[in-house]
Amino acid sequence: MIRNERLKGVLYMVAASVCFSTGGLLVRLVETTPPAALVVLRCAVMFLFLAALLAVRHGRGVAGKVREGGRSGVVSALFLGATFGLFIFAVTRTSVANAAALMSTGPLMLTVAAWAFLGEKPLAATWLAIAAALGGIALMFADGIGSGGVIAGNLLALCIPASFTVSYILLRRSPARLDPTSTSMLAALFAALAVLPFAWPVAWPAGDLPVILTMGVVQTGMGLALMSQAINRLSAGELGMVGLLEMALAPAWVWMILGERPTDAALAGGAIVVGAVFLNQLYALGRQGRVGA
């Protein structure tokens, strides 16, 4: 039974990663909608989709599910919502490959944060992985020197896993059992409201309607709903490992379909970052399996 549940978790997370990985491509396909308006519209669609999903699951108990999260759930949703806006602003200023590689540092950030705030001591190999990842990040930033937009985009992309880490730690420290889907719904609402003043008046360009609907329903809405089913079936290490599939696919879609090829330095730096995270997660899971045996 446990093995079957883990397999279900892996399949849910693989499907979620495929959904998430289309984000960079979809942003590139947007023709006329400004970034701020895109954040508002995508999050509005996401909010409605997740609210409908929760209504199907819980009926009139949706409000109660949201209240169960309490203050921790609200603050966690604020930081998760920040990632929705940061992603759009990042990929409009740097390459999708850069953004994906920098976002892949998430598992390493989670490891350090869990050590600092949850008392979970990281493995020695993790510090080596962090050092290697920092080297790769430095190479990527050095490649952007002379282009302020790329540097800004890289910084925004690096803030995404940092913000997600804060959201995750708050959920872990919360005494209540929070529903990840209700937290995601709140996050979408907060992100839309926060960016709305910068996008007002918001016009819905007819030409971008299919792309925005796909972003809100499939790329983020469905992705978050699938990930919520994986969270309770997989360990943090397993989630991080399978989640790296998103980082591998995201630049691949844009490269194959739109021909956006990263620079050689960006490719090298990204390979170092993703490779360091992958090997660290692989080692940690292998060690966990030996201890469990």
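In the block above lies the structure referred to throughout.
One structure accompanies this document, and this report is about it. Bear in mind the structure is a predicted one, so any value in this text is a computation, not a measurement.

Moving on: the overall build of the protein chain. Along its length, the protein chain carries 13 helices and zero strands. Walking the protein chain from its N terminus toward its C terminus, one meets helices and strands in the order α-α-α-α-α-α-α-α-α-α-α-α-α. A burial count over the protein chain gives 46% of its 293 residues as buried. Counted over contacts in the protein chain with a minimum sequence separation of 6, partners at least 24 positions apart contribute 89%. By element, 70% of the accessible surface of the protein chain is carried by carbon and sulfur atoms, the whole surface being about 13,900 Å².

Moving on to unusual backbone geometry. Each neighbour pair has its own omega, and for Trp200 with Pro201 the value is -5 degrees, a cis peptide bond. Relative to the helices and strands, Pro201 resides in the loop between helix H10 (180-199) and helix H11 (209-231).

One pass over the structure, following the stated rule, counts two cavities of 30 Å³ or more. Here the second largest cavity is characterised by a volume of approximately 60 Å³. For the second largest cavity, the full set of lining residues is Phe20, Ser21, Gly23, Gly24, Phe87, Val91, Val96, Ala99, Ala100, Met103, Glu246 and Ala250. By residue number, the principal contributor to the lining of the second largest cavity is helix H6 (residues 96-103), which donates four residues.

Within the largest apolar cluster, 66 residues are counted, with the highest numbers of intra-cluster contacts made by Met13, Cys43, Phe84 and Met215. No other element matches helix H3 (residues 35-58), which puts twelve residues into this core. Excluding its chain neighbours within four sequence positions, the residues that come into contact with Cys43 are Phe84, Ala188, Ala191 and Ala192.

Turning our eyes to something else, we now look at the packing of H3 against H11. Orientation of H3 relative to H11, taken along the N-to-C sense of each, is 45 degrees, at an axis distance of 8 Å. Classified by the angle between their axes, H3 and H11 sit oblique to one another. In this structure, the crossing between H3 and H11 has a hand that is right-handed.

This next bit is on the layout of surface pockets. Approximately 210 Å³ is the volume found for the second largest pocket. Every residue lining the second largest pocket is counted, 16 residues in all, and those nearest its centre are Met247, Ala248, Pro251, Gly270 and Val274. Partitioned by chemical class, the residues of the lining of the second largest pocket number 15 nonpolar, one polar and no charged.

Attention shifts here to a nonpolar patch on the surface. A cluster of nonpolar side chains, contributed by Leu29, Met256, Ile257 and Leu258, occupies part of the molecular surface with about 390 Å² of accessible area. The element best represented in the nonpolar patch is helix H12 (residues 236-258), accounting for three residues. As for its placement among the helices and strands, Leu29 is situated in helix H2 (residues 23-29).

Close contact between H3 and H10 brings their axes to 8 Å; oriented N to C, the two are set at 155 degrees. On the basis of the axis angle, H3 is roughly antiparallel to H10. The two elements H3 and H10 meet at a crossing, and its hand is left-handed. Residue composition of the contact of H3 with H10, grouped by class: 21 nonpolar, three polar and one charged.

What follows concerns helix H7 (residues 106-118). Those residues of H7 not exposed but buried are Gly106, Pro107, Leu108, Leu110, Thr111, Ala113 and Ala114. Note on H7: the residue one or two positions beyond its end, Gly119, has a positive phi of about 75 degrees.

Moving on, we get to the side chain of Ser184. Tracing the backbone through its elements, the reader meets Ser184 in helix H10. Its relative accessible area of 5% is what places Ser184 among the buried residues. Among all residues touching Ser184, those that are not within four sequence positions of it are Leu50, Leu80, Phe84 and Leu224.

Reading guide: rules and limits
Position numbers for residues start from 1 in each chain and track the written sequence from start to end. Local features are withheld for residues below a pLDDT of 70 in this predicted model, meaning they are given only at 70 or higher, and side-chain atom pairs are given and counted only at 80 or more; totals for whole chains, interfaces and linings count all residues. Based on all heavy atoms of the structure, the side-chain values leave hydrogens and waters out of the count. Numbered from the N terminus, helices here are DSSP runs of H or I no shorter than four residues, and strands are runs of E no shorter than two. A 1.4 Å probe rolled over the protein chains alone gives each residue an accessible area, and that area as a share of the maximum for its type sets the label: buried under 20%, exposed over 50%, partly exposed in between. By definition, residues are in contact when any of their heavy atoms lie within 4.5 Å. All accessible areas in this document rest on Shrake-Rupley with a 1.4 Å probe, and a residue is counted as covered only by the protein chains that are shown. Here a cavity denotes a set of grid points, spaced 1 Å apart and computed over the protein atoms alone, in which a 1.4 Å probe fits but from which it cannot get out, and a pocket denotes an open set meeting protein on both sides within 12 Å along at least five of seven lines; residues with an atom within 4 Å of a point are reported as lining. Grid points are joined across faces, edges and corners, and a volume is the space filled by probe spheres set on the points. Here, nonpolar core means buried Ala, Val, Leu, Ile, Met, Phe, Trp, Tyr and Cys residues that are tied together by side-chain atoms lying within 4.5 Å of each other. To define axes, lines are fitted to C-alpha atoms, for helices over the stretch in contact only, and angles between the resulting N-to-C directions are given on a 0 to 180 degree scale. With respect to orientation, any angle under 35 degrees is reported as roughly parallel, any angle over 145 as roughly antiparallel, any angle of 65 to 115 as roughly perpendicular, and every other angle as oblique. Put simply, a crossing is left-handed when the front helix is turned counterclockwise from the back one by less than a right angle, and right-handed when it is turned clockwise. We call Asp, Glu, Lys and Arg charged. Ala, Val, Leu, Ile, Met, Phe, Trp, Tyr, Cys and Pro are nonpolar, and the rest, Gly among them, are polar. Exposure above 30% relative accessible area and the absence of a salt bridge qualify a residue for a patch, where like charges join within 9 Å and nonpolar side chains (Val, Leu, Ile, Met, Phe, Trp, Tyr) within 5 Å. A pair is scored as a salt bridge if a Lys or Arg side-chain nitrogen falls within 4 Å of a carboxyl oxygen belonging to Asp or Glu.

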